[in-house]
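# Architecture at a glance
Okay, here's what each chain looks like letter by letter:
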2 protein chains.
Amino acid sequence: MQGNGWPEQIKGSYQRLPLSMKTLVRPPVWALALNTAGEFIEFTTNAKNISVRYGVTGAFNMPHMPSTGVSGTDLYTFNNGKWEWMPGKFSFKDTVTYNFNNINASVSKLYRLYLPLYNGVKWLQVGVARDASLAFAAAQPSRPVVVYGTSIAQGGCASRPGLGWTAILERSLNIPVINLGFSGNGRLEAPILNAMTEIDARAYILDCIPNLGDSISYPDAEVRKRIIDAVAILRKVRPAVPILLTEMEIGI
Amino acid sequence: MQGNGWPEQIKGSYQRLPLSMKTLVRPPVWALALNTAGEFIEFTTNAKNISVRYGVTGAFNMPHMPSTGVSGTDLYTFNNGKWEWMPGKFSFKDTVTYNFNNINASVSKLYRLYLPLYNGVKWLQVGVARDASLAFAAAQPSRPVVVYGTSIAQGGCASRPGLGWTAILERSLNIPVINLGFSGNGRLEAPILNAMTEIDARAYILDCIPNLGDSISYPDAEVRKRIIDAVAILRKVRPAVPILLTEMEIGI
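On a predicted model such as this, the values are computed, not experimentally measured, just so you know.

Before going further, it helps to examine helix α4 (residues 165–173) of chain B. Residue and element names in this part refer to chain B. Within α4, the full set of buried residues consists of Thr166, Ala167, Glu170 and Arg171. With its buried residues spanning 130 degrees around the axis, α4 presents them on a single face. Looking one or two places after α4, you find Asn174, whose phi comes out positive at around 50 degrees.

Next comes the structure, spelled out in structure tokens:
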């Protein structure tokens, strides 16, 4: 699995943060860390038919976000130097299935399968015909961009995982992007920022302002302090890594 | 109710086509005509809180389209010469509810409530406090644009009814747009075209090509014939009304 900042620690699971962080973050942050936003699996195959089957941990959809975004997977193939979307047939039952049939591939190609944006994955299988090749791809050695943000970063309310903005950025730059978007809970908190410094990042993006917009809980002075503290935590360990601060107008 | 081409005939119901057409169109077209895509209710009120309650006829969502789009309503207010979106709190249970609270209105304003894109409405209530004014608005006398199309025209897969493209066009031009989008079933068929000629339209838009893309069912000669016949039907009755033909690339 790729798109994760701690591949060694999380091995054997699909979670976004290492288990060691469970007691360091607030419970809602941990619950959201079990969502697979931004994570993906890459494989090469010459198969004409690819079948994806998996189980999820939570509800398929939300009233304002469809099953294909909350719980869906999303397949792309690398073709002529860029990522192209692959349409498939899907079914959301006890086992979620995506089938990609009659693929026009005479040679082996690289595929990227994005995992659900707002659900956890219990297990996942990628199947091809017995006579087709299949090999899972290792992570690119390229240093990643690490994004710490809110629901907007996590992928709300994209209709497919590949349309979350971190995934779009990742494909357009062809650089890995680690998604640390925590819906409603991106609040520039020290445990997350400390963990981010463990990643040899190409850049850090702090996109938490939309979750600090309630001026009663987060008066201006508090927001200012959190921004300054956040930059200080990252700068102390990674002085040369660029930090991109984003803002957003709150309210209607 | 507005956004309907036959307001006299459909009185007392929320359907898009008059009952007299039930036997003239294919059953899936009739079923989709019971979806309220493009229809809306306008009212004026000085209320600070507006409550919308209604029942729907079908499932709340589809795997690829959220409840807020399939079955939701969507409120806009006319302010400084343009339509502004009103955020609300929603709940999808036996009765669907939308509540718009603490509206910053010192005077009476005009509101437009779009109805569900992919569901039927059984009943609907708009509530305000006892001491607030409330008056339903009559339809604008302005001649409408009439759109005959596919799921894309019906509103798939907008996250809210106000974000279907016919609704966006309607607000940006401030001209009524009649939505005759029939998901998977916009096929330039004579019963619909004949019915369209009954409407004193400002323009007709024919956007059916995406549902005529299967070259086995609809070879080029058949598509060409349907386009020519469609224009002839409209031209015969409404020779001066502009007809906009759209196309779309089919396939990936």
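And the narrative resumes.
Residues and elements named next belong to chain B. The antiparallel open sheet is built from 4 strands, whose spatial order is β5-β6-β2-β8. Each end of this open sheet is capped by a strand with a single partner; those strands are β5 (89–92) and β8 (121–127). On average, adjacent strands in this sheet sit at an angle of 10 degrees to one another, irrespective of strand direction. Where strand β2 (residues 50–56) lies against β8, 6 bridges are found, and the strand directions are antiparallel.

In this section: the domain arrangement of chain A. All names here are of chain A. Each assigned domain of chain A is listed with its residue range as follows: domain 1 (19–136) and domain 2 (145–245). Taken together, the contact between domain 1 and domain 2 spans 30 residues of the former and 25 residues of the latter. Three residues stand out in domain 1 for area buried against domain 2, namely Arg26, Leu117 and Tyr118, and they jointly supply 23% of the buried area on that side. Linking domain 1 with domain 2 are 2 salt bridges. With a closest N to O distance of 2.7 Å, Arg26 and Glu189 form a salt bridge. Our count for the domain 1 to domain 2 interface comes out at 15 residue pairs in polar contact (both at pLDDT 80 or more). No other element matches the 4 residues that helix α1 (residues 27–33) contributes to the side of domain 1 that touches domain 2. Class assignment of the residues belonging to the side of domain 1 that touches domain 2 gives a composition of 20 nonpolar, 7 polar and 3 charged.

It is worth spelling out the nonpolar core at this point. Residue and element names in this part refer to chain A. Of all hydrophobic cores here, the largest spans 32 residues; its most connected members are Leu17, Tyr148, Leu180, Phe182, Ile192, Met196 and Leu206. Those elements that provide at least two residues to this core are α1, β10 (145–149), β11 (177–181), α5 (190–196), β12 (203–207) and α6 (220–237). Composition of this core by domain shows at least three residues from each of domain 1 (19–136) and domain 2 (145–245). With near-sequence residues (within four places) excluded, Leu17 lies in contact with Trp6, Ile10, Trp30, Ala33, Leu180, Phe182 and Ile192.

Mapping one chain copy onto the other needs a rotation about an axis and a shift along that axis. Mapping chain A onto chain B calls for a screw motion: a turn of 180 degrees about the axis and a shift of 0.0 Å along it, with 0.0 Å RMSD after fitting. Seen this way, the second copy is the image of the first under a two-fold rotation axis. Considering only C-alpha atoms, the part of chain A nearest the rotation axis is Pro66(A), at 2.2 Å. When you check the interface residues of chain A against chain B, 100% turn up at the interface there too, and the contact is symmetric in its surfaces.

Rules used in this analysis
Residues numbered from 1 in each chain as written. Chains lettered and ligands numbered in written order. Predicted model: local features only at pLDDT ≥ 70, side-chain atom pairs only at ≥ 80, totals over all residues. Heavy atoms only, no water. Buried < 20%, exposed > 50% of the residue type's maximum accessible area, 1.4 Å probe, protein only. Helix = DSSP H or I, 4+ residues; strand = E, 2+ residues; numbered from the N terminus. Arc of directions from axis to C-beta. Pairing = 2+ DSSP bridges. Axes fitted to C-alpha atoms, helices over the stretch in contact; angles between N-to-C directions. Domains from an automatic or database assignment. Contact = heavy atoms within 4.5 Å. Buried area = accessible area lost by both parts, 1.4 Å probe. Salt bridge = Lys/Arg side-chain N within 4 Å of Asp/Glu carboxyl O. Polar contact = N/O pair within 3.5 Å; in protein donor to acceptor, adjacent residues only side chain to side chain. Nonpolar A, V, L, I, M, F, W, Y, C, P; charged D, E, K, R; others polar. Core = buried A, V, L, I, M, F, W, Y, C linked by side-chain atoms within 4.5 Å. Least-squares fit on C-alpha atoms with pLDDT ≥ 70 in both.

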